[in-house]
Amino acid sequence: MSPPTDATDITGPWIKTRRKAKRWSQRQLAEAVGVSQGTVSSWETGRAAPSPELHPALRATLGGAQLTLDDAPPGGPDRAAASPKSTPKPKPKPTPKTRRRAPPPKAAAPAPAPATAPADEDAALSTLLAELWQAAVTMRGSIEPSDYKRYVLPIIFLRFLSLRYTRRRAALEAMIADPDDADYYEMDYVLDDPDEYRKAGVFIVPEAARWSHIAKTLAPKDTVKTELDRVLELLRATYPDRLGDLLPPTYAGSNMSPGDLKKLINLFARPVFEQQHRGEDILGRVYEYFIGEFAASEGKRGGEYFTPVSIVRTLVEMIEPAEGRVYDPCCGSGSMFVQSDRFARHSRALSFYGQETKDFTRRLCRMNLFIHGFDGDIELGNTYFEPKHRGETFDHILANPPFNDGSKGRDGWGADDVPNKDARRFLGAVGAGKDALPLSTRNANTMWMLHIAHHLADGGLAGFVMATGELSNNETARRAVREALVRADLVDCIVQMPGQLFANTQIPCALWLLSKRRRGVKGERARQGRVLFVDARQMGSLIAGSRKQKELSDAEIARIAAVYRQFRRDGEPEAEPGFVAVAGLADIEQHRFALTPGRYVGAAIEEDEDEPFEERFPALKAKLLAQFEQAGRLEARIRAGLERVDVE
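Residue numbers run consecutively from 1 along every chain, following the written order of its sequence. Local features in this predicted model are restricted to residues of pLDDT 70 or higher, and side-chain atom pairs are both shown and tallied only at a pLDDT of 80 or more, whereas totals for entire chains, interfaces and linings draw on every residue. Based on all heavy atoms of the structure, the side-chain values leave hydrogens and waters out of the count.

Engineer: Describe in detail the overall build of the protein chain, supporting the description with residues and values.
Structural biologist: Tallying secondary structure elements over the protein chain gives 21 helices and 13 strands in all. In short, Shrake-Rupley with a 1.4 Å probe defines the accessible areas, and a residue's cover is counted only from the protein chains shown. When the accessible surface of the protein chain is summed, it comes to about 29,600 Å², and 50% of that surface belongs to carbon and sulfur atoms. Under the scheme used here, helices are H or I runs from DSSP no shorter than 4 residues and strands are E runs no shorter than 2 residues, and both carry numbers assigned from the N terminus.

Engineer: Lay out the sheet that holds strand β7 (residues 456-467) in plain terms, naming residues and giving numbers.
Structural biologist: Strands pair, by our definition, only if DSSP identifies at least two bridges between them. In spatial order, the strands read β5-β4-β3-β6-β7-β9-β8-β10-β13; together these nine strands make up an open sheet with mixed pairing. Unpaired on one side and paired on the other, β5 (377-380) and β13 (580-584) mark the two borders of the sheet. Strand-to-strand twist across the sheet, computed as the mean angle between neighbouring axes with direction ignored, equals 15°. Where strand β4 (residues 350-356) meets β5, four bridges bridge the pair, whose relative direction is parallel. Within the sheet, the bridge partner assigned to Gln355 lies in β5 and is Glu379. Between two residues, a contact is recorded if the distance between any of their heavy atoms is within 4.5 Å. Axis angles are defined between N-to-C directions and span 0 to 180 degrees, where every axis is a line fitted to C-alpha atoms and, for a helix, only to the segment in contact. Against the sheet, helix α15 (residues 359-371) contacts β4 and β5, and its axis sits at roughly 170° relative to β5. Packed on one face of the sheet, helix α18 (residues 554-570) meets β7, β8 (491-496), β9 (509-515), β10 (530-535) and β13 and runs near 170° to β10.

Engineer: Describe the packing of aromatic side chains, with residues and values.
Structural biologist: When we look at a pair of aromatic rings, we describe it by the centre distance and by the angle of the planes. By convention, a stacked pair of Phe, Tyr or Trp rings (six-membered ring in the case of Trp) has centres within 6.5 Å and planes under 30 degrees apart, an edge-to-face pair has planes over 60 apart, and any other such pair is tilted. Summed over the entire model, instances satisfying the criterion amount to 23 aromatic pairs. Plain terms: the ring middles of Phe464 and Trp512 are 6.0 Å apart, the flat faces sit at 15° to each other, and that makes the pair stacked. Here Trp512 lies in strand β9 and Phe464 lies in strand β7, a separation of 48 residues in the sequence. Residue Phe464 shares its accessibility class with Trp512, and that shared class is buried. Put simply, the rings of Trp133, Tyr148, Phe268, Phe273, Phe290 and Phe294 touch in pairs and so form one group of aromatic residues. Here, a charge over a ring means that NZ of Lys or CZ of Arg falls within 6 Å of the ring centre while also lying within 35 degrees of the ring normal. Lying over the aromatic face of Phe567, Arg525 brings its terminal NZ or CZ to 5.1 Å of the ring centre. Stacked on the ring of Phe579, the Lys or Arg Arg559 has its end atom at 3.8 Å from the ring centre. Buried means the residue's accessible area, taken with a 1.4 Å probe over protein chains only, is under 20% of the maximum for its type, while exposed means over 50%, and partly exposed covers the values in between.

Engineer: Could you give an account of the pattern of salt bridges, with specific residues and numbers?
Structural biologist: The salt bridge criterion pairs a side-chain nitrogen of Lys or Arg with a carboxyl oxygen of Asp or Glu, the two atoms within 4 Å. All told, the structure shown has 41 salt bridges when counted by the stated rule. The partner of Arg366 in a salt bridge is Asp245, and the shortest N-O contact between them spans 3.7 Å. Note that Arg366 is positioned in helix α15 and Asp245 in the loop between α10 (240-243) and α11 (258-267), a separation of 121 residues in sequence. Looking at Asp245, the relative accessible area reads 30%, which means it is partly exposed. Ionic contacts of the salt-bridge type, sharing partners, join the residues Glu320, Asp489, Asp492, Arg517, Arg518, Glu524, Arg527, Arg565, Arg568 and Arg569 into one network.

Engineer: I'd love a proper account of the nonpolar core, names of residues and values included.
Structural biologist: Ranked by internal contacts, the top residues of the largest apolar core, which has 71 residues, are Tyr148, Ile156, Phe157, Leu264, Ile265, Phe268 and Phe290. Contributions of two or more residues to this core are made by α5 (118-138), α6 (145-176), α8 (211-218), α9 (224-238), α11, α12 (282-298) and α15. Counting residues in hydrophobic clusters, the runner-up holds 46 residues, among them Phe374, Cys493, Val495 and Met497. Only buried residues count toward a nonpolar core, which is a set of Ala, Val, Leu, Ile, Met, Phe, Trp, Tyr and Cys residues joined through side-chain atoms within 4.5 Å.

Engineer: Explain α8 residue by residue, including any values.
Structural biologist: Here α8 lies mainly inside the structure; six of its eight residues are buried. Of all the residues in α8, the buried ones are Trp211, Ser212, His213, Ile214, Ala215 and Leu218.

Engineer: Please set out the environment of Tyr165 residue by residue, giving values where relevant.
Structural biologist: Structurally, the position occupied by Tyr165 is in helix α6. Along the backbone, Tyr165 and Arg210 are 45 residues apart, and their C-alpha atoms lie at a distance of 8.8 Å. Whenever a nitrogen or oxygen atom comes within 3.5 Å of another N or O atom, the pair is scored as a polar contact, on the condition that within protein one atom can donate a hydrogen and the other can accept it, and that pairs from neighbouring residues in sequence are kept only if both atoms are in side chains. Reaching out from Tyr165, the side chain makes a polar contact with the side chain of Arg210 at a distance of 3.2 Å.

Engineer: So what about the packing of α12 against α15? Which residues, and what values?
Structural biologist: Packing of α12 against α15 leaves a shortest axis separation of 9 Å and a crossing angle of 155°. Here α12 is positioned roughly antiparallel relative to α15, judged by the angle of their axes. At the point where α12 passes α15, the crossing takes the left-handed sense. Along its contact with α12, which presents Leu283, Gly284, Tyr287, Glu288 and Ile291, the element α15 presents Leu364, Met367, Asn368 and Ile371. Among the residues forming the contact of α12 with α15, the class breakdown is six nonpolar, two polar and one charged. Just so you know how the angles are binned, under 35 degrees is roughly parallel, over 145 roughly antiparallel, 65 to 115 roughly perpendicular, and the rest oblique. When the near helix sits turned anticlockwise from the far one by under a right angle, the crossing is termed left-handed; a clockwise turn instead gives a right-handed crossing. In this count, Pro and Cys sit with the nonpolar residues alongside Ala, Val, Leu, Ile, Met, Phe, Trp and Tyr, while Asp, Glu, Lys and Arg are called charged and the others, Gly among them, polar.

Engineer: Report on unusual backbone geometry, specifying residues and quantitative values.
Structural biologist: The phi dihedral of Gln500 falls on the positive side, at around 70°, and the residue is not glycine. Take Gln500: it is sitting in the loop between β8 and β9. The phi angle at Phe593 is positive, at roughly 60°, despite the residue not being glycine. Mapped onto the elements of the fold, Phe593 is located in the loop between α19 (585-590) and α20 (598-601). Judged by relative accessible area, which is 3%, Phe593 ranks as buried.

In structure tokens, the structure reads:
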């Protein structure tokens, strides 16, 4: 991995990963750069950051180290894990005068050229993830993908809990052994102090639930399915408030064979999972990747909990959630939260709130957040009729509501069950003293749009995915809601995305950006009455190995985000035919409040086909029959004309 290019890139995980790659102790690194071991420990645990004057020495010393994605023999325990039979006791510590120091390394030579470029390292990780997935799939047997994820993902979570515990314990052991660390030196009791783990976002894992015990003692047993359920029960009983609803009994009642479960445990026993990639645990990347692969293998059903990565990244890069409250009313597996935390550089300046209608999906989300080092207020319930965050507002809202939800149901999605007095059906002054805005009975799209607008705080910014039909559909309720959002001066930007971004549907989508900063707050310029339109339909390319699904490149995501940042902060971007344009209220009114970007940027307007076929068929049938009738009349006229032609 290449050395960092600026001060902000030198993080504790960066230091720790490269130190381990060199097989150095903390003391060896400390002596190489002229600091104490306690200082190195504080960097790696996040309690402090290296001062700028030490950056050159750290780059020179660690810049050439790189990750290795090696495998281990099956059943390998965590390196710092305790023996399954006894709680580890701190080794007797010699006095500072007699403490033996590790031999200092030779003076650091100029940093060699990195052996692996970032792109190569990304490719290596992608290869590893694909190999892990294929290995896991071979153990599925006759289990359906929709069930298999219930057995695989909790194992990744168990591995994560144990790994974080052993890392934190090792860090505490280093601090209590360091005479320069006045806060911890020789204070052995901190090794069993829950607060010392809790403040680092870590659970003390009971001995019987540690990965070393699972991999070495439980996996070889014929009763491994029952034993693993007992591990889950132990963790639930130990942390009823935090883990009680995340780890229900899963394995004993499954049709997974003990042999396949053992292989699955051994697969995740590889030491590669102790490594990091770009400052993040590889385990987190594995969890995300597996969720995506499960969603793809489940087809349309998988889209209920997974949003393609390039869509999530585009929204997050446009919204730029650096601090404040982040909300997703249909959070699925939590990808919007994870990407937001990544954007904020894991600063702990964001808090997360969400709701999910399915219990297992809610558990997926909570585990995903834990694995990425944070938690959130994720509630269970139907957002339409049981909004759990009623009365609350949020600084950032990111969402991918289910496309056209309810369109195939005989009774729709339940619009009649949302009362007229529901506050979400009014948009401030637009709804004051007037009737509630109508809701489309065909699908829940209008409900989602109003729900998001209602929960947006003053100075807030929302970005959500919506089927393109909502840009121009003239059904009474859908046009009324669209017009209300425009007249309320909430619509800030519309991005029409390329097709084929979703593996589970061919319906094209658009990104809606709603803003309550348009009067010029939070460092942004005033832009009332102006809307940015971006047509990104020509972007994207097929994902490697796929013949039908596309993704946006990093450069394409950056281009979309950059033009939006310019619109918010610097001034209106120059019109670029076929890509970007800015329009005012008069222009939008002239187009009957249609928000299709092609109408404004000058590109050809394509027919929107986001409506379910059964809804479009009656109109298509009527149109075709009318054309048949017209063709018959034309044929009769032509025949009559031919009869009058005299060729002699």
